[in-house]
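# What the coordinates show
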Amino acid sequence: MLPSALQPREYQQKIAEAASKANTLVVLPTGLGKTLIALLVARIRLEKFPKGKVVVLAPTKPLVLQHFNSFKQILSLEPKDIALLTGENPPEERSYLWRRSRFVFATPQTVRNDIRQGRIDLNDVVLLVFDEAHRSVKDYSYTEVAKVYRETAWTPLILGLTASPGGSREKINEITQTLFIEHVEARSEEDEDVKGYVEQTEFEGRKVALPQEYSQLLRILREVYNEKVNRLMESGFVPRTRLSKKILLQARATMVARLKTGGNKGYIYGALITQAQAIMVNHALELAETQGVDVLLKYLKRMREKPEQGKSATALLKDPRWIMLEEEAKRVQSIEYPKLTELRKIVKGQFEGKAGSKIIVFTQYRDTIESIVETLAKDGVSAQRFVGQANKADSEGMDQKTQTGILEKFTEGEFNILVSSSIGEEGLHVPDVDLVVFYEAVPSEIRAIQRKGRTGRTMRGKVIVLLAEGTVDEAYFYSSLRRERFMKSMVSAPKTEAKPARREPKKPTTLLDYMD
């Protein structure tokens, strides 16, 4: 089934053999061939169950298409044997393709919705692959699909693939439980059987100072934010200890719960407005510090122009300090944000050192993507944006065809810089990326690992994280590093021999229980 010219590495063969015996989570650094492991397990399962079906799920359309093309090319599959299913296919067509095909590649939301509507069933699926398995938490589609599969398939086997299961015992344990994992195959860059295949990646956090001219608008934002937070503290909805964005977001659930139990409605409604305003101000502050005034102004403009403002935003927009903030932001708009200046230097230096270099710049905000592309264009540098579907009425997204075209052009060297949102973080394989730049630090160790994994795949790579001094950038940067170290310490535990899959697996407490 696999071409004779394709020789799996020893660790890939060992992992695949173990994964064919029990529900398995494979934790493997990026660039070390998780897709080929899935291919090997698929071969073993279809040899054992020739009439079975293999289903591969991935969270984004570009990643689903990448797996589809890999399997099709490596296995030389006929069109009748393989199907690509996304929400863009009509429901009747998806149902037909599902019944006809031996290999199905799909987004989990599509499969979940078709199961709910009775268009498909999982009875004859002999292998279900969950790529980017760290997504299998809370109410993400993976969890529901895995549950239905385990309950209805005649001969189920689950294979989870990830480079980054998470930086806490709780999250790792949740993944192993929601996917009914019985065995873990984990490797780090230091393991003997893989380190010979790992390319070195240079990693650097580069700090930039915010302009002195920003001080007035930052002072206004902090003053308004502190006022809102102090009100919430006085009312007992948030603790007086160090306050995080997560705690602030969770406070809303507490307020809603009190409303349902018959609390003082006027008092609680007032607190809900204050909490919503605190979130808005916090977001504006983070934009000003980590993205710059240009991006902040676009956010403030949308707040003004939104047709139906809620009470929270309406009240905030009438605050004289908010009006002063807008005026101050416009006054300092002509000052180039230091990260943009530093990015231009980085790009120039990279091309001077190696003409034709491939660079990926990651940022979480689409407004920032536009700003980066426009700024680099002024320097005569060809950069292209890479985003997902439109997420707002005023946000231009990309369909699957456009995304594929952009990636092909980047791979072929038609342009040298890809400026990407989070959709480019997970799993996409673009060969020979020389440099990855994080325009901002991300608090998630999973996202940080995913971003870093876009370079150092086939040759040495470099990663630079831009950090605005004295802002959340620094806190996020060190937090993700700490969690990443913890995660690596957990996946470095000794491995155990896989046992045959069972219908009712015992649920261990942590990942270590699977491995030691």
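Residues numbered from 1 in each chain as written. Predicted model: local features only at pLDDT ≥ 70, side-chain atom pairs only at ≥ 80, totals over all residues. Heavy atoms only, no water.

Here we come to the pattern of salt bridges. Under the definition given, this model contains 33 salt bridges. With a shortest N-O distance of 3.2 Å, Lys-14 and Glu-10 are connected by a salt bridge. A residue pair is termed a helical-turn pair when its members lie 3 or 4 positions apart in one helix, as Lys-14 and Glu-10 do in helix H1 (residues 10–19) at four residues. Residue class for Lys-14 comes out partly exposed when judged on its relative accessible area of 46%. The closest approach of N and O atoms between Asp-114 and Arg-119, which form a salt bridge, is 2.6 Å. Accessibility expressed as a relative area gives 2% for Asp-114, which makes it buried. Owing to a relative accessible area of 28%, Arg-119 belongs among the partly exposed residues under this scheme. One salt-bridge network, held together by shared partners, links Arg-219, Glu-223, Glu-227, Lys-228, Arg-231, Asp-319 and Arg-321. (Salt bridge = Lys/Arg side-chain N within 4 Å of Asp/Glu carboxyl O. Helix = DSSP H or I, 4+ residues; strand = E, 2+ residues; numbered from the N terminus. Buried < 20%, exposed > 50% of the residue type's maximum accessible area, 1.4 Å probe, protein only.)

This part is about the environment of Val-463. For Val-463, the position within the fold is in strand S13 (residues 461–468). As for Val-463 and Phe-103, which are separated by 360 residues in sequence, their C-alpha atoms are 36 Å apart. The contacts of Val-463, once residues within four sequence positions are left out, are Thr-201, Glu-202, Phe-203, Glu-204, Leu-435, Val-436, Phe-438, Lys-452 and Thr-455. (Contact = heavy atoms within 4.5 Å.)

This paragraph deals with the sheet that holds strand S11 (residues 417–420). Taken together, six strands build an open sheet; the order of strands is S8-S13-S12-S9-S11-S10 and the sheet is parallel. Each edge of the open sheet is held by one strand with a lone partner, namely strand S8 (201–208) and strand S10 (383–386). Averaged over all pairs of adjacent strands, the angle between their axes in this sheet comes to 20°, without regard to strand direction. Here strand S9 (residues 359–362) runs beside S11; their pairing, made up of four bridges, is parallel. Residue Phe-362 lies in a different strand from S11, and its bridge partner there is Ser-420. On the sheet, helix H15 (residues 366–378) packs against S9, S10 and S11 and is oriented at approximately 170° with respect to S10. Running over the sheet, helix H16 (residues 400–411) touches S9, S10 and S11 and is turned about 145° from S10. (Pairing = 2+ DSSP bridges. Axes fitted to C-alpha atoms, helices over the stretch in contact; angles between N-to-C directions.)

Summarising the element assignment, Thr-455 is placed in the loop between helix H17 (445–452) and S13. Judged by its relative accessible area of 3%, Thr-455 is buried. Beyond its immediate chain neighbours, meaning those up to four positions away, Thr-455 contacts Thr-201, Val-433, Asp-434, Leu-435, Val-436, Gly-461, Lys-462 and Val-463.

Take the sheet that holds strand S7 (residues 183–186) next. Taking strand neighbours across the sheet as the criterion, the seven strands line up as S3-S4-S2-S5-S6-S1-S7 in an open arrangement whose pairing is parallel. In this open sheet, the two strands that pair with only one neighbour each are strand S3 (82–85) and S7. Averaged over all pairs of adjacent strands, the angle between their axes in this sheet comes to 15°, without regard to strand direction. Both strand S1 (residues 24–27) and strand S6 (residues 158–162) contribute to a ladder of four bridges, which runs parallel. If you follow Val-26 over to S6, its bridge partner there is Leu-161. Against the sheet, helix H6 (residues 141–152) makes contact with strand S2 (53–57), strand S5 (125–131) and S6, and its axis sits at roughly 165° relative to S5, the strand it touches most.

If a strand is regular, its side chains alternate between the two faces of the sheet. Every second residue of strand S12 (residues 435–438) is oriented toward a common face, with Leu-435 and Val-437 on one face and Val-436 and Phe-438 on the other, all of them buried. Across four bridges, S9 lies against S12 in parallel orientation. Considered in S12, the bridge of Val-361 is made with Val-437. The pairing of S12 with S13 spans four bridges and is classified as parallel. Along S13, the bridge assignment pairs Val-437 with Ile-464.

Turning next to helix H9 (residues 245–260). Helical geometry note: an α-helix holds 3.6 residues per turn, so side chains three or four residues apart project in the same direction. Its 16 residues place the ends of H9 24 Å apart at the C-alpha level, agreeing with the 22 Å of an ideal helix rising 1.5 Å per residue. Within H9 the residues assigned to the buried category are Leu-248, Ala-251, Met-255 and Leu-259. The buried residues of H9 occupy an angular sector of 75° when the element is viewed end-on, so they sit on one face. Exposed residues pointing more than 90 degrees away from the buried face of H9 are listed as Lys-246, Ala-253 and Lys-260. Contacts made by the buried residues of H9 are with helix H8 (215–234) and helix H10 (265–290). Gly-262 occupies a position one or two residues after H9 and carries a positive phi of about 85°. (Expected span 1.5 Å × (residues − 1). Arc of directions from axis to C-beta.)

Moving on, we get to the nonpolar core. Among soluble globular proteins, nonpolar side chains are generally buried collectively. Formed by 86 residues in total, the largest nonpolar core has its most connected members in Leu-217, Leu-221, Trp-322, Val-361 and Ile-417. At ten residues, H10 tops the list of elements feeding residues into this core. Look past the residues within four positions of Ile-417 in its chain and what remains in contact with it is Val-347, Phe-351, Ile-359, Val-361, Leu-376, Val-381, Ser-382, Ala-383, Gln-384 and Phe-410. Judged by nonpolar contacts, the second largest core, of 36 residues, contains Val-41, Val-56, Val-126 and Leu-161. (Core = buried A, V, L, I, M, F, W, Y, C linked by side-chain atoms within 4.5 Å.)

We now examine the packing of H8 against helix H13 (residues 320–331). Taken N-terminus to C-terminus, the directions of H8 and H13 make an angle of 155°; their axes are 9 Å apart at the nearest point. By the angle class used here, H8 and H13 are roughly antiparallel. Read as a crossing pair, H8 and H13 show a hand that is left-handed. Facing H8, whose interface residues are Gln-216, Leu-217, Ile-220, Leu-221, Glu-223, Val-224 and Glu-227, H13 presents Arg-321, Trp-322, Met-324, Leu-325, Glu-328 and Ala-329. (Parallel < 35°, antiparallel > 145°, perpendicular 65-115°, else oblique. Left-handed = near helix turned anticlockwise from the far one by under 90°.)

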